[in-house]
Amino acid sequence: MQLEKLSSIDAAIILEHLPERIRTALINHATEIEYPVEAIIEMAIASFLDTEALGFADCKPGRGQ
């Protein structure tokens, strides 16, 4: 099954494995713009793979780079 969005469970696992300063920055940014942290993580990963993507559903790796 292919997911179009990062689940809150997967986001928690990712956050658990990140350095404290990055984890804190992601959580603070999510709070500041009132988005779920899983959306912030998804946007960060998707934009790394495709600068034109807003999330995984929009991501076409290599496009926009």
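Thresholds, definitions, all that
Residues numbered from 1 in each chain as written. Predicted model: local features only at pLDDT ≥ 70, side-chain atom pairs only at ≥ 80, totals over all residues. Heavy atoms only, no water. Helix = DSSP H or I, 4+ residues; strand = E, 2+ residues; numbered from the N terminus. Buried < 20%, exposed > 50% of the residue type's maximum accessible area, 1.4 Å probe, protein only. Polar contact = N/O pair within 3.5 Å; in protein donor to acceptor, adjacent residues only side chain to side chain. Expected span 1.5 Å × (residues − 1). Contact = heavy atoms within 4.5 Å. Axes fitted to C-alpha atoms, helices over the stretch in contact; angles between N-to-C directions. Parallel < 35°, antiparallel > 145°, perpendicular 65-115°, else oblique. Left-handed = near helix turned anticlockwise from the far one by under 90°. Nonpolar A, V, L, I, M, F, W, Y, C, P; charged D, E, K, R; others polar. Core = buried A, V, L, I, M, F, W, Y, C linked by side-chain atoms within 4.5 Å.

A. Inspection of the side chain of Asp-50 at higher detail. Considering the arrangement of structural elements, one finds Asp-50 in the segment after helix 3 (37–49). According to the relative accessible area criterion, Asp-50 is buried, its value standing at 0%. A distance of 2.9 Å separates the side chain of Asp-50 from the backbone nitrogen of Lys-60, its partner in a polar contact.

B. Structural view of helix 3. With 13 residues, helix 3 extends 19 Å from end C-alpha to end C-alpha; this agrees with the ideal 18 Å at 1.5 Å per step. Residues of helix 3 that are buried: Val-37, Ile-40, Ile-41, Glu-42 and Ala-46. Buried residues in helix 3 make contact with helix 1 (8–16) and helix 2 (20–33).

C. Looking closely at the packing of helix 2 against helix 3. Two numbers describe how helix 2 lies on helix 3: the axes approach to 9 Å, and their chain directions differ by 115°. Accordingly, the angle class assigned to the pair helix 2 and helix 3 is roughly perpendicular. In this structure, helix 2 crosses over helix 3, and the sense of that crossing is right-handed. Contacts between helix 2 and helix 3 involve Leu-26, Ile-27, His-29, Ala-30 and Ile-33 from the former and Val-37, Ile-40 and Ile-41 from the latter. Here the residues of the contact of helix 2 with helix 3 are counted per class, giving seven nonpolar, one polar and no charged.

D. The nonpolar core, seen in detail. Counting residues in hydrophobic clusters, the biggest one holds eight residues: Leu-6, Ala-11, Leu-15, Leu-26, Ala-30, Val-37, Ile-40 and Ile-41. Those elements that place two or more of their residues in this core are helix 1, helix 2 and helix 3. Here the element with the most residues in this core is helix 3; it accounts for three residues.

Read these as spatial facts, not as claims about activity.
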